[in-house]
Each structure stands twice: as structure tokens, then as C-alpha cells.
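Structure at a glance
The primary structure of each chain is shown beneath.
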Amino acid sequence: MDQILEFLTSRTLADLAADRRVLFGIGVLFVLAVLFRWKYVLLFLFAIGATMTVLRYTGGGGTSETIVDRNMILFIGGTIVIAIILIYFVFIRD
């Protein structure tokens, strides 16, 4: 247990998102959630994956103010889309 905690605390979020062991664990959790129809686990995995995708897509800008503004708009827009999808699946759709 100590090794797992040290592994999780010693890495950055980007390192964890690219680690094979973490991706395998998320894949197994995704398959189990689909098989057992765990709606909230699937929504949580979607939220984490979509947020990581938005962060990775908008994080590659340069130092220009135009690029920073464009990346901020993409980040805000992506986050709003993720929030709308989560609100729809949690509160509106049965």
C-alpha cells in the first residue's frame, strides 16, 4: 500500500495520464462499469478523460498573447461542454 501511495504522490497529473499501469487500471474499471452498468463511474471516467483531453489540447501554446487567449477560450469552451454533458446525464436523462 505504501508503494502505491508513493507512486501516486510522486508523479504529476500528466505523468499519471500517460503511465501504462494507470491506463490499464482505468481500462479495467471502464469495462467493469460498462458490464455492471455503473452510470456514475462511467460519468466520472468521462469527466476525467475529457478534462485531461482539454488540458492536453490547450496546454501546447507559446508565449504570444494571441495563442494564450485562444487556448483560454478553448479551455473554457471545452469545460462548459463537459459540464453540460455531465449535467444532462446526471440530472436530465433517466
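The structure reproduced in this document is the subject of the present report.

Criteria and thresholds
Residues numbered from 1 in each chain as written. Predicted model: local features only at pLDDT ≥ 70, side-chain atom pairs only at ≥ 80, totals over all residues. Heavy atoms only, no water. Helix = DSSP H or I, 4+ residues; strand = E, 2+ residues; numbered from the N terminus. Contact = heavy atoms within 4.5 Å. Buried < 20%, exposed > 50% of the residue type's maximum accessible area, 1.4 Å probe, protein only. Phe/Tyr/Trp six-rings, centres within 6.5 Å; stacked < 30°, edge-to-face > 60°.

A few words on the environment of Ala 33. Relative to the helices and strands, Ala 33 resides in helix α3 (residues 20-36). The spacing of Ala 33 and Leu 43 is 10 residues in sequence and 9.9 Å in space, taken between C-alpha atoms. Aside from chain neighbours lying at most four places away, what touches Ala 33 is Trp 38, Val 41 and Leu 42.

Let us look at unusual backbone geometry. With a phi angle near 55°, Arg 37 is a residue other than glycine that sits in the positive phi range. Within the secondary structure layout, Arg 37 lies in the loop between α3 and α4 (39-58). Here Arg 37 falls in the exposed class, since its relative accessible area comes to 75%.

The next thing to look at is the packing of aromatic side chains. One pass over the structure, following the stated rule, counts two aromatic pairs. Ring centres of Phe 36 and Trp 38 lie 5.2 Å apart, and the angle between their planes is 25°; this geometry places the pair in the stacked category.

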